[in-house]
Amino acid sequence: IDGVASPTSDEITCWVYCTNTANLTNIKLRLYSDTATPKHFTYIFTPGGTGGLNSSSSGVWSKLLIAKAAFTDTGTADWSAIVRIEIEADTTGACTMYFDDWKLEEKSAEKAIATMERTESWVWSNEGSFNTNKDYKVQGNSSIYINFSNDCCYCWPGGLDNIFP
């Protein structure tokens, strides 16, 4: 983007704060490389769908992320020449949204430090375990939870030797 070559596995990301996702039908993101023709890439985020827009995320920040390959190309747009970003939202009622921190993230450079999956052996000093409730996880099949009280509680995953090359 903006003259920089990147593979289609790289992701367009941004954070969105929606005051009322119950009234939000979708967010359409268009990235134009030519506004006269027009040539643009489009992706439609729907609450609860692919891309990170949680249907129960009213009043909190959600990270939207989608691979460049998932965008629909109209008019043979050019990723290295993006000149305009257009945001459109379809709503059924009042809804204010805030957007922040737009990025192109290099997917190939991503390295998971800990997945929080049951395949890892976690050790808890107090009360903690694996969670599979979809409301309390970002990706994968599980997250971990830790109950904090007045006492200190800590946890660590086993087998994290050499996580940073």
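Everything numeric in this text was worked out from a predicted model, so none of it was measured.

### Side note on the overall build of the chain
- When helices and strands are tallied, the chain shows zero helices and 11 strands.
- Each helix and strand of the chain, ordered N terminal to C terminal, gives the series β-β-β-β-β-β-β-β-β-β-β.
- Per-residue burial over the chain gives 29% buried out of 165 residues.
- For the chain, restricting intrachain contacts to residue pairs at least 6 apart in sequence, the fraction spanning at least 24 positions comes to 67%.

### Notes on the environment of Asn-23
- Mapping Asn-23 onto the fold places it in the loop between β1 (11-18) and β2 (24-34).
- Classification of Asn-23 by relative accessible area gives buried; the value is 17%.
- When near neighbours in sequence (up to four residues on either side) are disregarded, Asn-23 contacts Asp-90, Thr-91, Thr-92, Gly-93, Ala-94 and Cys-95.

### Focus: the sheet that holds strand β5 (residues 72-74)
- Read across the open sheet, the four strands follow the order β5-β3-β2-β6; overall the sheet is antiparallel. Whereas interior strands pair on both sides, the edge strands pair on one side only; in this sheet they are β5 and β6 (84-91). For this sheet, the mean inter-axis angle between neighbouring strands, taken without regard to orientation, is 20°.
- Summarising the sheet, strand β3 (residues 39-45) and β5 pair through three bridges and their orientation is antiparallel. Bridge pairing in β5 links His-40 to Thr-74.

### Examining the sheet that holds strand β7 (residues 97-105)
- A sheet is described by the order of its strands in space; here three strands give the open sequence β4-β1-β7, paired in antiparallel fashion. Each having just a single partner strand, β4 (61-67) and β7 make up the two edges of the open sheet. Adjacent strand axes in the sheet meet at a mean angle of 20°, parallel and antiparallel pairs treated alike.
- Strand direction decides the pairing type here: β1 and β4, joined by seven bridges, are antiparallel. Paired with Ile-12 across the strands is Ile-66, a residue of β4.

### Comments concerning the packing of aromatic side chains
- Applying the stated criterion across every chain, the model contains seven aromatic pairs.
- Taken together, a centroid distance of 3.9 Å and an interplanar angle of 10° make the contact between Phe-41 and Trp-79 stacked. Of the two residues, Phe-41 is situated in strand β3 and Trp-79 in the loop between β5 and β6; the sequence distance between them amounts to 38 residues.
- Judged by centre distance (6.2 Å) and plane angle (25°), the rings of Phe-99 and Trp-102 are stacked.
- A relative accessible area of 26% means that Phe-99 is categorised as partly exposed.
- Feature note: the residues Phe-41, Tyr-43, Phe-45, Phe-71 and Trp-79 constitute an aromatic cluster, connected by ring pairs.
- We note Arg-84 situated over the ring of Tyr-32; from NZ or CZ to the ring centre the distance is 4.3 Å.

### Description of the confidence of the model for the chain
- Averaged over every residue, the pLDDT of the chain is 76; the share at 70 or more is 68%.
- When mean pLDDT is taken per element in the chain, β5 scores highest with 95 and strand β11 (residues 155-157) scores lowest with 51.
- Confidence drops under pLDDT 50 across residues 149-155; counting only partners more than four residues distant or on other chains, this segment forms 17 contacts.
- Within the model, the stretch residues 159-165 combines pLDDT values under 50 with five contacts to residues more than four positions away or in other chains.

### Structural notes on unusual backbone geometry
- In this structure, the amide linkage connecting Thr-37 to the following residue, Pro-38, adopts the cis form with an omega of -15°.
- Structurally, the position occupied by Pro-38 is in the loop between β2 and β3.
- Its identity is not glycine, yet Asp-101 carries a phi of approximately 60°, on the positive side.
- If you trace the backbone, Asp-101 turns up in strand β7.
- Exposure remark for Asp-101: the relative accessible area of 33% places this residue in the partly exposed category.

Definitions and cut-offs
Residues numbered from 1 in each chain as written. Predicted model: local features only at pLDDT ≥ 70, side-chain atom pairs only at ≥ 80, totals over all residues. Heavy atoms only, no water. Helix = DSSP H or I, 4+ residues; strand = E, 2+ residues; numbered from the N terminus. Buried < 20%, exposed > 50% of the residue type's maximum accessible area, 1.4 Å probe, protein only. Contact = heavy atoms within 4.5 Å. Pairing = 2+ DSSP bridges. Axes fitted to C-alpha atoms, helices over the stretch in contact; angles between N-to-C directions. Phe/Tyr/Trp six-rings, centres within 6.5 Å; stacked < 30°, edge-to-face > 60°. Lys NZ or Arg CZ within 6 Å of the ring centre and 35° of its normal. pLDDT = per-residue confidence, 0-100.

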